[in-house]
Amino acid sequence: MRPPENTPSELAVGCSPLGDYHAARSLAESLSLPLLGTVRPRDVRDYPVLLFLDEHGLGLQVTGKGAPGPVRAEFVTGKAGYRREHGGGTGQLIAKAVGLKKARQPLHVLDATAGLGQDAFVLASLGCRLTLFERSPVIHALLSDGLSRAALNEQSAPIAARMALQSGNSIDWLSQAGAGAADVIYLDPMFPHRDKSALVKKEMQVFRTVVGDDDDSPALLEAALAVATYRVVVKRPRKAEPVRGPEPTTRIEGKSSRYDIYSIKAFPAG
Ligand SMILES: C[S@@+](CC[C@H](N)C(=O)[O-])C[C@H]1O[C@@H](n2cnc3c(N)ncnc32)[C@H](O)[C@@H]1O
């Protein structure tokens, strides 16, 4: 059986002695990936990267000695957990970019490039209802695992409940959807990364081996502009060119990222 589209062939599924072996087996079956069984990632030589299930959940794990820790979709602990408790509320740039304050109503945001769901989680924690699309079956599996774990935690469960994850290419979905299927459409396609931080590099490298570059982002922007009711927001590295297509109406710049805003119509007053 061929692996699903966008699943790299040099990937296998492994499990720690404390991981759920049955879950690892069904994951390997559903993604048509080899199952290595119970292994220690540092001892694996035949596969550079594993989808690895341990007692903390599912992670994308580089193998061999001295490899960095796993990449996970994490909402309970770590950065997302901290931001949930201490984040800047509707003052955050992403909240301004989607128009949270102007909207005066709970927004339905379609995140058409879900990745590990970090941006979507911030918006859901501010009250938005999110529909997320992820086309890489491997990243989809990581995100699905992260959301399931978030649903078991008292603080993150109500936020995760506002996030509905779909698999597949959002361009296909948007092409079938009528105008107005989402209030705001949020895009954060992959971009060649020039960040010098070693940690970001390592994380992004393994992520990139799985998803590659999103060369079709102009088609995604065009499809999103035909469907969003109020605006399309595109996250870019601060100095990058906008996605090829119409000029953004306005932009909001942060330290390393920028949000290009394509306004379709104003939010209703009052
Ligand atoms: C840079 S990551 C997004 C990171 C995300 N904003 C976050 O906060 O974790 C881009 C992701 O979008 C996905 N993607 C890109 N184009 C897509 C499309 N047309 N449909 C579905 N997923 C897409 C890629 O597979 C990749 O996982």
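This write-up is about the structure you can find in this document. (Residues numbered from 1 in each chain as written. Predicted model: local features only at pLDDT ≥ 70, side-chain atom pairs only at ≥ 80, totals over all residues. Heavy atoms only, no water.)

Before going further, it helps to examine the overall build of the protein chain. If you tally the helices and strands in the protein chain, you get 10 helices and 11 strands. In terms of C-alpha radius of gyration, the protein chain reaches 19 Å, essentially the compact-globule figure of 18 Å for 270 residues. Over its C-alpha atoms, taken along the principal directions, the protein chain stretches across nearly 60 × 40 × 40 Å. The contacts of the protein chain with a sequence gap of at least 6 include a subset with a gap of at least 24, amounting to 62%. When the accessible surface of the protein chain is split by element, carbon and sulfur atoms take 50% of a total near 13700 Å². Between the mean site of the 33 positive side-chain charges and the mean site of the 29 negative ones, the protein chain shows a separation of 7 Å. (Helix = DSSP H or I, 4+ residues; strand = E, 2+ residues; numbered from the N terminus. Rg over C-alpha atoms; globule rule 2.2 N^0.38 Å. Contact = heavy atoms within 4.5 Å. Areas by Shrake-Rupley, 256 points an atom, 1.4 Å probe, with all protein chains shown as cover. Lys, Arg positive; Asp, Glu negative; His and termini not counted. Charge placed at Lys NZ, Arg CZ, Asp CG, Glu CD.)

This part covers the sheet that holds strand E3 (residues 49-54). The strand order across the open sheet built from four strands is E2-E1-E3-E4, with neighbouring strands paired in mixed fashion. Single-partner strands in this sheet number two, and they are strand E2 (35-38) and strand E4 (57-62). The average undirected angle you get between the axes of adjacent strands in this sheet is 25°. Sheet topology note: the E3/E4 ladder contains six bridges and is antiparallel. By the bridge assignment, Leu50 is partnered in E4 with Gln61. Against the sheet, helix H6 (residues 137-150) touches strand E1 (11-15), E3 and E4, its axis set at about 140° to E4. (Pairing = 2+ DSSP bridges. Axes fitted to C-alpha atoms, helices over the stretch in contact; angles between N-to-C directions.)

This part covers the nonpolar core. Ranked by size, the top nonpolar core spans 58 residues in total, and within it Leu51, Leu60 and Leu130 carry the most contacts. With seven residues, H6 is the largest single contributor of residues to this core. Here this core gathers at least three residues from each of two domains, domain 1 (11-62) and domain 2 (78-263). Those residues in contact with Leu60 that sit more than four places away from it in its chain are Leu11, Val49, Leu50, Leu51, Pro70, Val71, Val138, Leu142, Val206, Phe207 and Val210. Counting 19 residues, the second-largest nonpolar core is a separate cluster that includes Ala112, Ile171, Leu174 and Leu187. (Core = buried A, V, L, I, M, F, W, Y, C linked by side-chain atoms within 4.5 Å. Buried < 20%, exposed > 50% of the residue type's maximum accessible area, 1.4 Å probe, protein only. Domains from an automatic or database assignment.)

With that settled, the discussion passes to the sheet that holds strand E11 (residues 257-263). If you trace the seven strands from one edge of the open sheet to the other, you get E7-E6-E5-E8-E9-E11-E10, paired in mixed fashion. Because the sheet does not close on itself, it has two edges, and the strands there are strand E7 (163-167) and strand E10 (250-253). Ignoring strand direction, the axes of neighbouring strands in this sheet form an average angle of 20°. In this structure, strand E8 (residues 182-187) lies alongside strand E9 (residues 228-237), joined through five bridges in parallel fashion. Counterpart to Val184 in the pairing with E9 is Arg231. This element, helix H5 (residues 118-125), spans strand E5 (108-111), strand E6 (129-134), E7, E8 and E9 of the sheet and lies at about 170° to E6. Packing against the sheet, helix H10 (residues 217-225) makes contact with E8, E9 and E11, and its axis sits at approximately 155° to E9.

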